[in-house]
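# Remarks on the overall topology
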Amino acid sequence: MSDQEILLSVRDLKIEGRADETWNPIINGSSFDLRKGEVLGMIGESGAGKSTVGLAAMGFTRDGCRISGGSVVFDGIDLVTADAATKRALLGKRIAYVAQSAAASFNPAHRLIDQHTESPIQHGVSSKSDSEADAMELYQRLRLPNPEEIGFRYPHQVSGGQLQRAMTAMAMSCRPDLIIFDEPTTALDVTTQIEVLASIRDIVEQFNTAAIYITHDLAVVAQMADRIKVLLRGDEVEEADTRTMLSNPQQDYTKSLWAVRSFQRELKAPVAIHSTPVVSVQGVSAAYGKVPVLHDISFDIHPGRTVAVVGESGSGKSTAARCITGLLPPGKGLIQFDGESLPADYRQRNRDQLRQAQMIYQMADTALNPRKKIGEIIGRPVEFYMGLKGAEKRKRVEQLLEKIELDPATYIDRLPSELSGGQKQRIGIARALAAEPKFIICDEVTSALDQLVAEGILRLLADLQDTLGLSYMFITHDLATVKSIADEVVVMKEGKVVEQGPKVEMFQPPHHPYTDLLLSSVPEMDPDWLTNLLNERGVDNIGDAASAKI
Amino acid sequence: MTFLFQVAAYVFALGGAAFLFRLIGRNITDNAPYFRDMSAGVAIGFAIGAFAIFWVLYTYLVNFSGWWSRDPASNKYFFFYVAIHGLIIFAIVAYAFRWLGRNIGTEATKKLFRQMPATASFGILVIFIYAIVSIFAGFIAPYGQEEVLKTANLAPGADPAHLLGTDQIGRDILSRLIYGGQNTVGIAFATTCLAFLIGITGGFLAAIKGGWIDQILSRSVDALMAIPQLIFALLLMTIATAWAGNNGLLVTLYMILIIAVLDSTRVFRLSRAVGLNIVVMDYIEAAKLRGETLPYLVFKEILPNAYAPLLAEFGLRFCFVFLTIASLSFLGIGIQPPLADWGTMVKDLSTFLSYAAFLPVQATLPLMAAGAIALLTVGVNFVVDWMLQRTSGLKE
Amino acid sequence: MNSVLGIILQRLGLGLLTLLVVSILIFASVNALPGDFAQAILGQGATPEAVAAIREDLGLNKPPITRYFDWLAGVITGDFGTSFAQANMSSFAGADTGKGGIASVADQMWPRFKTTLFLAGTAAAISIPLSLLLGILAALYRNSAYDRFINVSTLSAISSPEFFLAYILILFLSFLNPILPSLSNISEGMPFLDKLYYTLLPALTLTLAVTAQMMRMTRAAIINLLASPYIEMARLKGVSPMRVILIHALPNALAPIINVIALNLAYLITGVVVIEVVFVYPGIGQLFVDSVKNRDIPIVQACCLLFATVYILLNLTADIMSILSNPRLRHPK
């Protein structure tokens, strides 16, 4: 593969973005080569400039950005200096793009197939009928249901995972030499992600298309790419073959990224048989209006333990939390706290009952009042529950800030907008701690954060649990998080508890089939994981290369 | 036919100029992307812009023959000159004010002025001046608003004691303009405040409580808004005048109430929407779960986050109320004598407009009153526009 | 398709209901008048017999609910009652009043409504294409010198009261350069071109006021649209700029643009009131203002209902059109 000719050569690419009337650098000189048929994985945390580089590889910048230096040479043409018409002739025909959100990137006013055939017809590659026939074949290869018919639907009539595959098909419509995949599976559930990953990898191999695969997920990129390039805040960190990179990263930053997944708490002794659970959910059913969401769920959370509630979107895990907090009074069933029944509606609970159970939210941005200073945000529960005022209150707030490892003097008078995502999440934790609760609900607290930051939050929560003896209900869709922090696991699907038990048991077979599907769908760092998994599941992923019509 | 021929010649000349402009641009810049990828439409746009600037300059330089004369032919350009000079003065004032703001005051205000476009600083200056004139009208105005002097219809400049002359029954026009400002601006401001009081209370109540309170309030607002506001105001004013009889002050008071209620519908909708957006935030949920009371939620959690959109809306609503009151007064159904106001003044002085050709200064009198209305709303709108852009920019 | 039909029928029903509520609102407001019509017509010095006669004549002895339904029934059949100015004279003469003759409100209203429609139509015919074109251009070349110029000048136009715009136009186009007449002496049966000539100046004033508003809304809607991921996708597919606008942006821009147009047509309806007074244009706005001043309640009431009806109908049309142009509703799952 290495002796094949170079398709795309990016040299010292610099990109600037406009903010406050000045141009600031976003990318400080990126260089890489891409050979025909090669897949380059580009990874980095949010703000690393992955998407910007990906788009610039097409000679395109978003509004408010500009290429300020360097070259992007595609097959002998420099896309930085080429005129608009030359670039247009390449886009769609020889370089194609697959966007992160297919639902937003398909035009809602046109049928899928009309959008599919647009490029071939406009670029004069094939006729309408030919490219429609080709579309159906591509749909079939990508294992879309009803390939003959699905193209004649409008985007809103097709599910997210299917749309993402239809978009891959659309990118393939002119059989381009290069496709840019910009986080194509980030918005999807794990079980759906597998299918999309498999079909993308499949079709790229079949047509020997070169690709740049942009993602923040290491395990995903390990499956897809031949080579991996790591970016950090507009700078290049390192680049190497996938296997080399995974087994032997050179730079500290890359090593720390790799290490995130190894965080694991030591196991605790099993719960004593007669221990009273802090929170006990007993036979709870609930509904939004007339739509039933929860069906007879029960689980216990014991003192000093973490119960992870796992499920995909729509499984009812957040609704369970709303029932416990009393925001959504359950239609049936009981919530007990320390062995006593709680009133179903939070408005009927007394101040002490409210204080004992606190909550930490997924989006720190919406969880903190943007107009209040950190000191006020944390100080309010201190004042409200503990009755502390003035200097005493401030001292307590400073203690709390120290507990969450933020310097009190620096942060106490700042507004939330002056903090980073991870710091905001820590403030959310401090606010919960300020009430001195026994029990905290953590609702997807790490899923909006980058992996390194998320790991810091998980470690902090674990330490706090050890020192303060807190109990957690940890809602998440991410099984890696479950592995690292949970003591017990509750698996939910469609409003029902599918399986529950101690973590050790849950990660050992035999499983409930759904748990099995969930567990096996979590990508692993092993580059052969996807291939092995598909073989195991009995899907012929390589496809019939002989029948490929190129 | 010659007219059509002329038009064709102009179009042809414009097209040619555009083509030449692009060609020369390409050659001079050695085919820089900007000129290389320039579409014909953009080139024609440049040509039109250049032509307009050229025409203004040409007319300005060629036709000037003293400030105004008895010769109608040259008076034709009197207003053109007033407009050009006005624009230049306004621009200088705006930039000077912004420069002052950037160099004087606290760090916070300096920073604010540094981010501000010239239009916004102009707007702030206008609002500032209007506020001062309105508040201190009694000290600034040389005569009373109802004071009838001996000579009626005195021309502007004819008597140094009456800078802008006197009106048809002998009242000093300058004094009436100043008092008119106090009355019109003051009444509009009071009306807007009242409308906000009603609208915000209702809107937040609907947003937080929801349920049947929201239904009742929202549906009544829908019904009120189904009748065009000016029309409904006129209908209600008919009834109000019947109640008030010949008491002008009472009519004015009724007008304030009527417009405040009608305008509060829009404030209601906005504050309800803003409230709903804030109520779904997790920090409100956190406060509710903490056991906070309703007043705490409204005043400590919701209101601080609603200031920005509500302040911008206050500017917009003020403009709208101000224009509505001016229109009503212009129609003779708004602010009543003895109070002087700009809308009524425009109507009373409007006959002077027909003297434009031979007595241009007289003809500016009605325009001055109308312009005074426009200037304030333009100023407020400039500021609001900047505020809206700033808040929407911060979101991204 | 059924769900769309359902939604549209629902909107129509809602519109009808709104109209009904509005009619109640107007009727109730008018009934809040002190004393009653009869007293108002005849003034303080009227003999009790005359008052009683008029009360009988206008049906004022009946309870308000009956009168409301009588009035509503009349409105539905096109009979808006009798104008006071007329009722006054004819009652004293002891002549037959009521339906027919020049005394009826409808007879005064319809011809004036037609001339107003002509004015609004002329203004709409100029302003809609103009503002769409300028607005789309401003969106395409946003932040350019053109866009800034447009932004400042439209803001100024919106901020100015209509009579200010009217006087400026009169000043330049009528007094300083006698191109157009400053008074609209329109009569019925005038040839179309003459009518247009006399309507042009008020129509231009309305155009100025409405175009600014419409342009800003169009610009905002288009910018919003151009920022959507599917437009970026289309550009990344190498589609020509023209095609991006026509095929990808326009079908989705339809709903917002229709909304902009309908909202501003509704605005035209109110805008005519002031402008008709400035130009002495014999339309319904002028009639309305005169009747308000004369407290000719039946006409005020009828005009108010007419304005409200047009307003509601326009909003309803906008609503239904944007439902029809939404692919999500046209092609349900």
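Residues numbered from 1 in each chain as written. Chains lettered and ligands numbered in written order. Predicted model: local features only at pLDDT ≥ 70, side-chain atom pairs only at ≥ 80, totals over all residues. Heavy atoms only, no water.

## So, the overall build of chain A
Summing up its helical and strand segments, chain A has 22 helices and 20 strands in all. What you see for chain A is a C-alpha radius of gyration of 26 Å, in line with the 24 Å of a compact globule of 550 residues. If one aligns the C-alpha atoms of chain A with their principal axes, the spans along those axes are about 75 × 50 × 45 Å. When burial is assessed residue by residue, chain A has 56% of its 550 residues classed as buried. A separation of at least 24 residues holds for 69% of the contacts in chain A among residues at least 6 apart in sequence. For chain A, the centre of its 59 positive side-chain charges and the centre of its 74 negative side-chain charges are spaced 6 Å apart. (Helix = DSSP H or I, 4+ residues; strand = E, 2+ residues; numbered from the N terminus. Rg over C-alpha atoms; globule rule 2.2 N^0.38 Å. Buried < 20%, exposed > 50% of the residue type's maximum accessible area, 1.4 Å probe, protein only. Contact = heavy atoms within 4.5 Å. Lys, Arg positive; Asp, Glu negative; His and termini not counted. Charge placed at Lys NZ, Arg CZ, Asp CG, Glu CD.)

## Points about the overall build of chain B
The helix and strand tally for chain B stands at 16 helices and zero strands. Its C-alpha atoms put chain B at 75 × 70 × 50 Å along the principal axes. Burial analysis of chain B (396 residues in total) assigns 48% to the buried set. The long-range fraction of contacts in chain B, counting pairs at least 24 apart against all pairs at least 6 apart in sequence, stands at 64%. Computing the positive centroid from 25 side-chain charges and the negative centroid from 21, chain B places the two 4 Å apart.

## Considerations on the packing of helix α11 (residues 241-279) of chain C against helix α12 (residues 284-294) of chain C
All names here are of chain C. Interhelical geometry of α11 versus α12 gives an angle of 85 degrees and a closest axis separation of 7 Å. Comparing their axes, α12 and α11 come out roughly perpendicular. Taken together, the residues of α12 that come into contact with α11 (itself represented by V273, E276 and V277) are I284, G285, Q286 and V289. Looking at side-chain class alone, the contact of α11 with α12 contains four nonpolar, two polar and one charged residues. (Axes fitted to C-alpha atoms, helices over the stretch in contact; angles between N-to-C directions. Parallel < 35°, antiparallel > 145°, perpendicular 65-115°, else oblique. Nonpolar A, V, L, I, M, F, W, Y, C, P; charged D, E, K, R; others polar.)

## With respect to helix α7 (residues 118-135) of chain B
An ideal rise of 1.5 Å per residue puts 26 Å on 18 residues; α7 of chain B measures up with 26 Å between its terminal C-alpha atoms. Taken as a whole, α7 of chain B has its buried residues at A118, A120, S121, F122, G123, L125, V126, Y130 and S134 of chain B. (Expected span 1.5 Å × (residues − 1).)

## Some remarks on the domain arrangement of chain B
Interfaces are frequently sized by the accessible area removed from exposure as the parts join. Domain annotation of chain B identifies domain 1 (12-59) and domain 2 (173-392). Its C-alpha centre places domain 1 of chain B at a distance of 45 Å from the equivalent point of domain 2 of chain B. (Domains from an automatic or database assignment.)

## Considerations on the interface of chain C and chain B
With 48 residues of chain C at the contact, the number on the chain B side is 48 residues. With both chains or domains summed, chain C and chain B bury close to 4100 Å², and 80% of this area falls on carbon and sulfur atoms. When the buried area of chain C at its contact with chain B is split by residue, F163, Y167 and L176 of chain C rank highest and sum to 15% of it. For the interface between chain C and chain B, the tally reads one salt bridge. (Buried area = accessible area lost by both parts, 1.4 Å probe. Salt bridge = Lys/Arg side-chain N within 4 Å of Asp/Glu carboxyl O.)

## So, the pattern of salt bridges
Residues and elements named next belong to chain A. Under the counting rule described, the total for this entry stands at 46 salt bridges over all chains. For E5, the salt bridge identified is with K36, shortest N-O distance 3.5 Å. With E5 in the segment before β1 (6-19) and K36 in the loop between β2 (22-35) and β3 (39-43), the pair connects residues that are 31 residues apart, well separated along the chain. The class for E5 is partly exposed, based on a relative accessible area of 48%. Of the residues examined, K36 reaches a relative accessible area of 29% and is grouped as partly exposed. Each member of the salt-bridge network shares a partner with another, and the members are E38, R227, K229 and E239.

## Describing the sheet that holds strand β14 (residues 332-337) of chain A
Pairing between the strands of a sheet is mediated by backbone hydrogen bonds and can be parallel or antiparallel. Residue and element names in this part refer to chain A. If you walk across this open sheet you meet the four strands as β12-β11-β14-β15, and the pairing is antiparallel. The sheet is open, and its two edges are formed by β12 (291-301) and β15 (340-341), each paired on a single side. Sheet topology places strand β11 (residues 279-288) next to β14; five bridges connect them, and they run antiparallel. Paired with Q282 across the strands is L334, a residue of β14. (Pairing = 2+ DSSP bridges.)

## Thoughts on a nonpolar patch on the surface
Residue and element names in this part refer to chain B. Residues F128, I129, I132, I135, F136, F139 and I140 make up a contiguous nonpolar surface patch of about 750 Å² in total accessible area. Residue assignment for the nonpolar patch shows that the elements contributing at least two residues are α7 and α8 (137-140). Counting residues per element, the nonpolar patch draws most heavily on α7, which supplies four residues. Position of F139 relative to the elements: it lies in helix α8. (Patch = residues over 30% accessible without salt bridge, like charges linked within 9 Å, V, L, I, M, F, W, Y side chains within 5 Å. Areas by Shrake-Rupley, 256 points an atom, 1.4 Å probe, with all protein chains shown as cover.)

## Points about the side chain of Q358 of chain A
Residue and element names in this part refer to chain A. Its location among the elements puts Q358 in strand β16 (residues 357-360). Here the side chain of Q358 touches L354 through a polar contact of 3.4 Å, landing on its backbone oxygen. Excluding residues within four positions of it along the chain, Q358 makes contact with Y385, R431, A432, A435, P437, F439, I440 and I441. (Polar contact = N/O pair within 3.5 Å; in protein donor to acceptor, adjacent residues only side chain to side chain.)

## Notes on the domain arrangement of chain A
Residues and elements named next belong to chain A. By domain assignment, chain A separates into domain 1 (3-258) and domain 2 (279-508). Centre-to-centre, using C-alpha coordinates, domain 1 lies 37 Å away from domain 2. Listed as interface residues are 11 residues of domain 1 and, on the opposing side, five residues of domain 2. Regarding the contact of domain 1 and domain 2, the summed buried area is about 720 Å², with carbon and sulfur atoms giving 41% of it. Taken together, the connections running from domain 1 to domain 2 amount to zero residue pairs in polar contact (both at pLDDT 80 or more).

## Some words on unusual backbone geometry
Residue and element names in this part refer to chain A. Notably, D75 is not glycine yet its phi reads approximately 50 degrees, a positive angle. Locating D75 in the fold gives a position in the loop between β4 (65-74) and β5 (77-78). One non-glycine residue with positive phi stands out, namely E183, at about 45 degrees. Along the polypeptide, E183 turns up in the loop between β7 (178-182) and α7 (190-206).

## Considering the confidence of the model for chain A
Scored by pLDDT, chain A comes out at a mean of 84, with 95% of its residues at no less than 70. Contacts from residues 540-550 of chain A, a stretch scored under 50 in pLDDT, to residues over four places away or in other chains number 20 contacts. (pLDDT = per-residue confidence, 0-100.)

## Some thoughts on the interface of chain A and chain B
In this assembly, 24 residues from chain A lie in contact with 17 residues from chain B. Buried area between chain A and chain B, both sides added, is near 1800 Å², and the carbon and sulfur share of it is 53%. Across the contact surface, chain A and chain B share three salt bridges. In this structure, E285 of chain B engages R322 of chain A in a salt bridge whose closest nitrogen and oxygen atoms are separated by 3.6 Å.

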